[in-house]
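Breakdown of the fold
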Amino acid sequence: MVQEADAGMADICRTSLTRLATEVRNSIGFFEGQHEESITRIFVSGGLARLEAILQTLSDELALPCEIWDPLETCEVALPANKRQALPHEFVSLNVACGAAFEYLNS
């Protein structure tokens, strides 16, 4: 329904994203105040990150660029070409698993 631009769903999404953006903005403010560092971009994961409208809305609300997190950006991936090409479409679903694996490897 979100992809098909259903008017009712669009309103619900906009309200939810506005609330989410407020929480993220508050968290960024807290982090920046505690660490005296600036956040310059936001990485997004999960199924809705595939929708450009979601990323654009969050970017607009936060006044920061929002992009899909690529957990394998700096990794060499040994996969056949056809599977390697499909991998970017699966990142949003693999982020939690990749994050857990990286954390395990770093400990």
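The following paragraphs examine the structure supplied in this document. (Residues numbered from 1 in each chain as written. Predicted model: local features only at pLDDT ≥ 70, side-chain atom pairs only at ≥ 80, totals over all residues. Heavy atoms only, no water.)

1. Some thoughts on the pattern of salt bridges
Per the counting criterion, the structure on display carries 3 salt bridges. The partner of D11 in a salt bridge is R14, with the nearest N and O atoms 2.9 Å apart. Here D11 and its partner R14 are both found in helix α1 (residues 7-35), 3 residues apart, which amounts to about one turn of the helix. Among the residues examined, D11 registers a relative accessible area of 44% and is labelled partly exposed. (Salt bridge = Lys/Arg side-chain N within 4 Å of Asp/Glu carboxyl O. Helix = DSSP H or I, 4+ residues; strand = E, 2+ residues; numbered from the N terminus. Buried < 20%, exposed > 50% of the residue type's maximum accessible area, 1.4 Å probe, protein only.)

2. Some points on helix α2 (residues 52-62)
When we look at burial in α2, the residues that qualify are I54, L55, L58, S59 and L62. One face of α2 carries all of its buried residues, which in axial projection span an arc of 130°. In α2, the exposed positions angled more than 90 degrees off the buried face are occupied by E52, A53 and D60. The secondary structure elements touched by the buried residues of α2 are α1, β1 (42-44) and β2 (66-68). Immediately downstream of α2, the backbone of A63 shows phi near 55°, a positive value. (Arc of directions from axis to C-beta. Contact = heavy atoms within 4.5 Å.)

3. Section: the nonpolar core
Within the largest apolar cluster, 13 residues are counted, with the highest numbers of intra-cluster contacts made by I42, V44, I54, L58, L62, L64 and C66. Mapped by element, the contributors of at least two residues to this core are α1, β1 and α2. Broken down by element, this core gets its largest block of residues, 4 residues, from α2. Once you skip the residues sitting within four places of it in the chain, C66 turns out to touch I42, V44, L55, L58 and S59. (Core = buried A, V, L, I, M, F, W, Y, C linked by side-chain atoms within 4.5 Å.)

4. Some details on α1
A rise of 1.5 Å per residue sets the reference length of α1, with its 29 residues, at 42 Å; its end C-alpha atoms lie 41 Å apart and thus fit the reference within 8%. All buried positions along α1 are accounted for by C13, L17, A21 and I28. Next to the buried residues of α1 lie β1 and α2. Of the residues flanking the end of α1, it is E36, one or two places downstream, whose phi is positive at about 50°. (Expected span 1.5 Å × (residues − 1).)

5. Some remarks on the side chain of S59
In this fold, S59 is placed in helix α2. Given a relative accessible area of 15%, S59 falls into the buried group. If near-sequence neighbours (up to four positions away) are discounted, S59 is found in contact with L64, P65 and C66.

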